[in-house]
Amino acid sequence: MATATATKDKSVLWDWLTTVDHKKLAVLYLIAGTLFFVKAGMMALFMRIQLMSAENDFLTGQTFNELITMHGTIMLFLAATPLIFAFMNFVIPLQIGARDVAFPFVNALGFWIFFFGGLLLSVSWFFGGGPDAGWTAYVPLSSGEYADLGLDFYVVGLQVSGIGTLVSAINFIVTIINMRAPGMTMMRMPLFCWTGLVVSILIVFAFTPLAAGLALLMLDRIFGGQFFIPDMGGNAVLWQHIFWIFGHPEVYILVLPAFGIISEVIPAFSRKRLFGYTAMVFATLVIAFLGFMVWVHHMFTVGLGPITNSVFAIATMGIAVPTGIKIFNWLFTMWGGKITFNTAMLCASSFVPTFVLGGVTGVMLAMVPVDYLYHDTYFVVAHFHYIIIGGIVLGLLAGTYYWYPKMFGHKLNEKLGILMFWLFYIGFHMTFFIQHILGLIGMPRRVYTYLEGQGMETMNLVSSIGSFVMGAAILVLIINVVYSAFNSERITVNDPWDARTLEWSTPTPIPEYNFAQTPQVRSLDPWFYEKVHGDGTMKPAEPMTDIHMPNGSILPFVIGLGLFIWGFGMIMINMDDTIVPPFLVIGTGVILTFGSMLIRSIKEDHGYHIPLEQVKKIEKEVS
Amino acid sequence: MAGSVDLSKGLPSHPEKSTLEGKNKFLGFWIFLGGETIMFATFFGTFLGLREGTAGGPSAEELFSMPLVFIMTMLLLTSSLTSVLAMFSMKKNNFKNMLVLMIVTVLLGVGFLGFEIYEFVEYVHHGLGYTTSAFASSFYTLVGLHGAHVLFGLCWITTLIIRYSRSGITLTNAPKFYVASLYWHFIDVVWVFIFTVVYLMGIGGA
């Protein structure tokens, strides 16, 4: 065993590029996710400006198509997913009482691959425009015949970033199953860990079909495959099946962690334990299972026949049952509780009715004959934005305000927080509630303009104004982050909310090893149990000894870079004139990627030990 | 945690999962194989959907040769057996035996890959290019992806053999060898499905 302690004189940049600490990776995910979120949000605002009035010429149809594609793609893959991963990375090891994740190296690898994949997707703007076939990239719209170079960036960029998501998911599953502290049985695990586990399993089983589908499309576009070309024996509907076998579970991949956050925040600020914990766990599992059984409800109008459509319609409506269980359990948790309405709780509690609204329109869309009417109208747009913004974004905001003190050592300003919440909530409903009606009167989605005199002008104007109010809310949040960094007091207590789960038992700032001694868990809500039944500290499960920690490594960054170069080289095959031959670029990328993997497998890295005296010194400083 | 295994009485009977690191690798790799299964399932589904789409090009019945596929299957199945025996040797702490069996596994795998390359070259001569038809694309993609897995597995096991040729079985390298042999089995199982779905159904015309 190597015992050399890592030297502390590394530069800050090098430290962040080589870090394998789950808490630092969480911050990296948070920053990257926020940047992409702001980018995709601005794209949405551009689209709303275009749709503000009839026959507007602010944008061309082509630009609008590119914006609509990139808005959806970035929001789902490069904003929501990493923001969820940020919280999962930060919170899950702490909540299960672990020193780190199971594979710290793989954790860093997941981040850098995701990041470079996102970058590859983003640089499409500099090579003749972004992808323009919608985030679903239906063939033949996305085939070589109709879509330009932008779609190659979509196919390859998503592939790369998907690999990153996949390896992170495997890491989370193993962490949660193998690394729990003594006494932390599965049925004592906080709900956020449960949803984290289920979501990671969903990612393994849903992102792989996406990877396969993207590979098929890439082979078609770059290497002359015939998968989706009917003239050559191919089948265009095949893409839709593969895409939605991924695409429907993706909704749950995003929304289940939000459920998890809500299930942490609501009990904490209602001063009650979560109502119906067991039912909540099983509802999560049922939702995850049914999530895979309903993909055809995206394809009712394809013409698969009444039997197929009916089966999938019923399965889809079935999801309302476990979701309903969850909704009622949150309500019963709040019922009779001593509720504190701070920003986190406002976001969490307002999530409940908003999500119900999105769910109800979901059941409406699950009725096949009715879906024929709503299909490809703004009703669908309104429905999924109620799920995604009213569900996922509100959940993420609640999580941000709730865990911020633990992550950064100070709270966010409450006054600005509450201002943000109301701006966001009012702006959100203003933008999207009216789109239900727009859809019902026949406004089609994905179309860059509409004609005058069809009664759509006023409602579109209201919707656009609402989107700007929402934008202002996010601006207030960013101001709040900057303002609070300079003006709010460092928190002196480790548990500012008087919360229930293990992460609040750690000192702030958290030492790199999280827990000096692995805690002994004696109950559900272990930290709250010790505060009520114990002496207010966690019982240690092991004596205090040297702590073994993993070494940092630059290899994850290099592998990410290698995949970026490799992917770019593949896209260069379709470019007209390139300065260097594509195969040189591909070769460089392949060598970087596999070379780093080879180095990693040949060089044994046993990590290092923090000696006991140093642990004691650190513990004295933070307590 | 990592260093807490008592080695005074020799290696434990399951050196591959007696440390937390080994346990993590073991579980993580099984989950990875779960993902691989789904990926192959998608390519199998694609092949099944498109195998009639020959667009006037050569079809499965015209191309596939049973003796060739039989030899390939035998090579791969045997290599799977030798990798199992290698793991038995590891659990008995017989390092030399394990190494020899792993080398045999690699040689059999190389043989398989050689026949596969020969097969592909032959098909191209018979007019089945990658872009000929949807059948061609899905066939080469599915079988070729499996071939790529074989190649990756060969590189992986060879690296392990070279890297640890002098070290004996340790708690560090036991999980690595074990996981590599799991991967090799997985490749073998996938081949059994390819043999059935692609070749038997192709020749039988089911």
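Scroll up for the structure.
In this text, all values refer to a predicted model and were calculated from it rather than measured experimentally.

Engineer: Even after reading the chapter, I still don't get the pattern of salt bridges, so can you show me in this structure?
Structural biologist: Side chains bearing opposite charge may pair, as long as their charged atoms lie close to each other. All names here are of chain A. Within this structure, the stated rule accounts for 15 salt bridges over all chains. Put simply, Lys531 and Asp495 hold a salt bridge, and the shortest N to O gap is 2.6 Å. Here Asp495 lies in the loop between α15 (457-487) and β1 (519-520) and Lys531 lies in helix α16 (residues 526-533), a separation of 36 residues in the sequence. With relative accessibility at 26%, the residue Lys531 sits in the partly exposed group. Looking at Asp495, the relative accessible area reads 15%, which means it is buried. By sharing partners, the salt bridges in this structure join Arg271, Asp495, Asp498 and Lys531 into a single network.

Engineer: How do you make sense of the packing of aromatic side chains when you look at a structure like this?
Structural biologist: Each aromatic ring pair is summarised here by two numbers: the centre-to-centre distance and the angle between the ring planes. For the coordinates displayed, the defined rule picks out 75 aromatic pairs over all chains. Consider the rings of B:Phe139 and B:Tyr199, whose centres lie 6.3 Å apart with planes at 85°: the pair is edge-to-face. Of this pair, B:Phe139 sits in helix α5 (residues 134-163) while B:Tyr199 is found in helix α6 (residues 173-204), placing the two residues 60 residues apart along the sequence. Note on B:Phe139: relative accessible area 0%, which makes it buried. In this structure B:Tyr199 comes out as buried when scored by relative accessible area, which is 0%. Three or more aromatic residues joined by ring pairs make a cluster, and in this case those are A:Tyr29, A:Phe36, A:Phe85, A:Phe111, A:Trp112, A:Phe114, A:Phe115, A:Phe116, A:Phe172, A:Phe557 and A:Phe564. Directly above the aromatic system of A:Trp16 lies the positively charged group of A:Lys24, at a separation of 5.6 Å from the ring centroid. Directly above the ring of A:Phe528 sits A:Arg500, whose terminal nitrogen or CZ lies 4.1 Å from the centroid.

Engineer: Any chance you could explain empty space enclosed by the protein here in plain terms?
Structural biologist: To find leftover empty space, a probe the size of one water molecule is rolled over the atoms. All names here are of chain A. For the coordinates displayed, the defined rule picks out one cavity of 30 Å³ or more. A volume near 150 Å³ is recorded for the largest cavity. If you go around the largest cavity, you meet 15 residues; those closest to its centre are Ser263, Glu264, Pro267, Leu274 and Asp525. Sorting elements by how many residues they give to the lining of the largest cavity places helix α7 (residues 236-270) first, with four residues.

Engineer: Mind showing me how you'd approach unusual backbone geometry here?
Structural biologist: Both trends apply: most residues other than glycine have a negative phi, and most peptide bonds are in trans. All names here are of chain A. Between Val139 and Pro140 the backbone carries a cis peptide bond, its omega angle lying at 5°. Assignment of secondary structure puts Pro140 in the loop between α4 (104-122) and α5 (150-178). Unlike most non-glycine residues, Arg271 shows phi in positive territory, near 55°. You can see Arg271 is positioned in the loop between α7 and α8 (277-291). Judged by relative accessible area, which is 32%, Arg271 ranks as partly exposed.

Here is what the cut-offs are and how they apply
- The residue count restarts for each chain, going from 1 along the sequence in the order it is written.
- All chains are assigned letters beginning at A, and all ligands numbers beginning at 1, according to the order in which they are written.
- Given that the model is predicted, a residue must reach a pLDDT of at least 70 before its local features are reported, and side-chain atom pairs must reach 80 or more before they are shown or counted; all residues, however, enter totals for whole chains, interfaces and linings.
- Computation of side-chain values: all heavy atoms of the structure, hydrogens and water removed.
- Counted as salt bridges are all cases of a side-chain nitrogen of Lys or Arg within 4 Å of a carboxyl oxygen of Asp or Glu.
- Each helix is a run of H or I in the DSSP string that is no shorter than four residues. Each strand is a run of E no shorter than two, and both are numbered from the N terminus.
- For every residue, the accessible area obtained with a 1.4 Å probe (protein chains only) is divided by the maximum for its type, and the residue is called buried under 20%, exposed over 50%, and partly exposed between those limits.
- Ring pairs shown here join Phe, Tyr and Trp side chains whose ring centres sit within 6.5 Å, with only the six-membered ring taken for Trp; geometry is labelled stacked below 30 degrees between planes, edge-to-face above 60, and tilted in between.
- Our definition puts a charge over a ring when NZ of Lys or CZ of Arg is within 6 Å of the ring centre and also within 35 degrees of the ring normal.
- Think of a 1 Å grid over just the protein atoms. A cavity is a set of points where a 1.4 Å probe fits yet cannot get out, a pocket is an open set with protein on both sides within 12 Å along at least five of seven lines, and lining residues have an atom within 4 Å of a point.
- Grid points are joined across faces, edges and corners, and a volume is the space filled by probe spheres set on the points.

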